[in-house]
Amino acid sequence: MSATAAQPEATYALRPPFSERWRQGMRALRANPTAVVGLVIVVALVLIAIFAPVIAPYDPQKLDMEVVSQPPSSAHWFGTDQFGRDVLSLVIWGARLDLFIALSAVILSMVVGTVIGAVSAYAGGMTDEITMRTMDILQAFPRFIFAMGIAFAIGPGIGTVVIATSVLNIPGYARLMRSVMLPARKSQYAAAATSVGGSHTNVLFRHLVPNCLVPIFVNSTLQFGWAILEAAGLSFIGLGVESSAAEWGALIQLGFQDFNAGHWWIYTFPGLAIAVAVLGFNLLGDGLQDMLDPRRQ
Amino acid sequence: MRMLRYILRRLLFLVPVVLGSIFIAFLLTRVVPGNPIERVAGPYASEERVLEMKAEANLDKPIPQQFLIYVNDLLHGDMGMSYTTAQPVGKDLKERFPASFELVMFAIGLAIVLAIPLGVVSAVKRGSWIDHVARVIAVAGVSAPIFWIAMVLLSIFYGKLGWLPGSQGRLPIIMSPPPHVTGMYTIDALLAGDPVTFKEALRALILPVLTLALVSMAPIARMTRATMIDALDSDYVRTATSLGIPRRTVVMKHAFKNAIIPVLTLIAGVIGYAIGGEVLIELIFSWPGLGLYSYNAIMSADFPAVQGFIILATCLYILIYLIVDVITALLDPRVEY
C-alpha cells in the first residue's frame, strides 16, 4: 500500500465514487465466505449488545429465590444461576460489557501503540533504538502473567481489565506501525509535505499516519478476539470485573463455584458466547488480512 | 566455535531485557495500594511490631534503594520470604516447578506430535476432510477460553462418564508421591518401578494435558499448514517434482525442511502462552504447580512470591526463545550468526 502510494501515477488517480468502492468491497467479500461468516457474527453481536435491554427476557440482576439453579427450561432457556438470575439474560447483557471492554482495550492499545511506533520510526536513531528495546522488554513477559501482574497492581475493576489487556498489545501495534511507517517516511508525499513547510507533527500525523492505518485496523479485528479472551480470563480468576457483573468470564467463575453440583448450564452458555464472539472476530480479521495481502489471494 | 560466540552474544543482549523485566516485576508489586505487612501482621499487631517487620522486609527504605537490595539479593539466589508459606520464595518455586514442568512438557509434546503432521497432511491434501478437521481444531482451539475447555472436559470425563479423576491434583489423596528424583511423578514412579502410582499419576495428567495441548495445537497446525502450502507452491519444489523425485521425498525432504523453521519460532510463543494458561488450568484441576502458587500469592498480596514468579516465568520464556533461535540458526543456513 505504502509502496504504491510512492508511485507518481498514484497521485493523479481520482478516488473512485462511493458506489464503485462499495461494489468492489462486496466482490471481495463474496470471494471470501469465511470473512462473511465472521462479519455476520460480529454484526449480530453488536446488535445484541445495543438492544440487550429489549432482547433479554428478564432483568439480569433480578434475584429470584424461587428458581435457584434451575436447568434450562421453556421459561429460562439457559437455566438460572445460584441466585435465581436468568442465565440467558446475563449472557445477552454480557455481550454489552465484554464488547465494551474489548473495544476500549483495543482502542487504547491502538492509539498508544500507533503513536509510539509512528514517532519511533519517524524520529529514528537513538529514540527508535530505546523505544524498540523497551517494547522487547514488555514482550518478554508471558502475556497472561503480565496481565495478572498489572491487574494485581491496580486492583480489580472494569478499568483494570481494560488497562491490563491493552498494555499487552501496545508493543504489537508499535512494531506494526513502525514497519509500515519506515517505508512511508521515505515516500514522495512525505517529502512533498515537508518541502511545503509542514512541521514534523503536521507531516507525521496529518500525512503519514493516516496512510499507514489500514493494516492497523485489520490487526485490531484480530486483537478483539484476544482482548475478549484475556478480559474473560482476568475476570475468571477474580482480578477483573466484580463477580456479580453480567460478564462472560465472571459468569463462568460462578459456574465453577457450583461445578461439583453438576450445574453445567451456568458456565457452558457464557463459554459458548465467548467462543462464538472470538471466532467471529478471528474469521473477519483473517478474511480482511487475506484481502489486503496480495500474496495470500 | 562461531556458534558459541553467537550464543554468548545473544546472552549478552538478554541482560538488559532480563534487568528490565525484573524492574517491571518489582514496580508492579510496589504500586499496589495497601501495605502487605499490615495484612501479614494481622489486626492485633502493635505499631512497633509492624514497623519492625517493615524494616526487616526493607519496606521502610526509598524505592530505588529497595530495588537495588532486591537485585543484589537475587544475584545471591535470594528471592525473599513468602508471606503466606513463610518459606524462601526460591524454595517454594523450586518445589512447585516439576509439577508445572511435567504438565507443560507433556502438553507441548502432544501438541507438536499431533499438530505438525496434521498441518502437513492438510497442506498436502488441501480441501480434503483432514484439512477441514484441522481447520475446525485450529479455529476452536484459539476461540474458546482455556479455562472453559478445561471445565467442559472435566464435566464430561469426570462428571458424566467417571472415566478420569476430577479436580484432585497430581495423585488421589490417599496415595503418597513416589520417591523424589526428578519431581515429575510419572517419571519418578517409573524409576521406582511402581506401576500403580505411575498409572494414577498419568490418569491425573490426562485432562489438564489435553486442555493445554488442544489450545497449543491450534496455532501450530495453522502455521504448519500455511508454511507448507508456501513451500509446496515454490519453484524449488516444482523443480524437484519435475526431476522425477518421488512425491513423498519432495514433501518430506524439500518442502518440510523449509516449512518447519517458522513453526519453531511459533512454538516458543506457544510455550509462553502455555505458561500463562497454566495459571488457569492449575486453578481448575487443583494442580499444585507454579500457576496455582502464583494465583494464591496474588490473592493474598504476597509480594515476594508474585515478584519471584513473574521473574521466573519471564526468564523461562526468554530462555525458550534463545533455545529456539539457536536451533533455527543450526538448521537454517540462511541465518547469519
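Reference entry: report on the structure contained in this document. (Residues numbered from 1 in each chain as written. Chains lettered and ligands numbered in written order. Predicted model: local features only at pLDDT ≥ 70, side-chain atom pairs only at ≥ 80, totals over all residues. Heavy atoms only, no water.)

**A closer look at the interface of chain B and chain A**
Piece 1. Across the boundary between the two partners, chain B contributes 46 residues, which contact 37 residues of chain A.
Piece 2. Contact between chain B and chain A buries roughly 3500 Å² in total, counting both sides, with carbon and sulfur atoms accounting for 81%.
Piece 3. Across the chain B-chain A interface, the total number found is one salt bridge.
Piece 4. For Arg222 of chain B, the salt bridge is made with Asp286 of chain A, and the minimal N-O distance between the two is 3.0 Å.
Piece 5. The tally of links from chain B across to chain A stands at four residue pairs in polar contact (both at pLDDT 80 or more).
Piece 6. Residues belonging to the side of chain B that touches chain A are distributed by class as follows: 35 nonpolar, nine polar and two charged. (Contact = heavy atoms within 4.5 Å. Buried area = accessible area lost by both parts, 1.4 Å probe. Salt bridge = Lys/Arg side-chain N within 4 Å of Asp/Glu carboxyl O. Polar contact = N/O pair within 3.5 Å; in protein donor to acceptor, adjacent residues only side chain to side chain. Nonpolar A, V, L, I, M, F, W, Y, C, P; charged D, E, K, R; others polar.)

**A short note on helix α8 (residues 143-154) of chain A**
Residue and element names in this part refer to chain A.
Piece 1. With twelve residues, α8 extends 17 Å from end C-alpha to end C-alpha; this agrees with the ideal 16 Å at 1.5 Å per step.
Piece 2. With ten of twelve residues buried, α8 is to be regarded as a mostly interior element.
Piece 3. Considered for burial, the residues of α8 that qualify are Phe144, Ile145, Phe146, Ala147, Met148, Gly149, Ile150, Ala151, Phe152 and Ala153.
Piece 4. Just beyond α8, the residue with positive phi is Gly155, at close to 80°. (Helix = DSSP H or I, 4+ residues; strand = E, 2+ residues; numbered from the N terminus. Expected span 1.5 Å × (residues − 1). Buried < 20%, exposed > 50% of the residue type's maximum accessible area, 1.4 Å probe, protein only.)

**Some points on the packing of helix α5 (residues 89-124) of chain B against helix α9 (residues 195-232) of chain B**
Piece 1. For the pair α5 of chain B and α9 of chain B, the least separation of the axes is 6 Å and the interaxial angle reads 35°. Judged by the twist between their axes, the crossing of α5 of chain B over α9 of chain B is right-handed. (Axes fitted to C-alpha atoms, helices over the stretch in contact; angles between N-to-C directions. Left-handed = near helix turned anticlockwise from the far one by under 90°.)

**A short note on the packing of aromatic side chains**
Piece 1. Within this structure, the stated rule accounts for 16 aromatic pairs over all chains.
Piece 2. Between Phe78 of chain A and Phe269 of chain A the ring centres are 4.0 Å apart and the planes differ by 10°, which places this aromatic pair in the stacked class. Taken together, the positions of Phe78 of chain A in the loop between α5 (52-55) and α6 (87-123) and Phe269 of chain A in helix α14 (residues 264-292) put the pair 191 residues apart, joining distant regions of the chain.
Piece 3. Judged by its relative accessible area of 22%, Phe78 of chain A falls in the partly exposed class.
Piece 4. On the basis of an interplanar angle of 35° and a centroid distance of 6.0 Å, the ring pair of Phe26 of chain B and Tyr70 of chain B is categorised as tilted. Remark: Tyr70 of chain B occurs in helix α4 (residues 63-75) and Phe26 of chain B occurs in helix α1 (residues 2-30); sequence separation between them is 44 residues. Here Phe26 of chain B and Tyr70 of chain B have matching classes, each one buried.
Piece 5. Pairwise contacts between aromatic rings join Phe236, Phe256, Phe259 and Tyr267 of chain A together with Phe147 of chain B into one cluster.
Piece 6. One cation-aromatic arrangement involves Arg170 of chain B over Tyr185 of chain B; the distance from NZ or CZ to the ring centre is 3.6 Å. (Phe/Tyr/Trp six-rings, centres within 6.5 Å; stacked < 30°, edge-to-face > 60°. Lys NZ or Arg CZ within 6 Å of the ring centre and 35° of its normal.)

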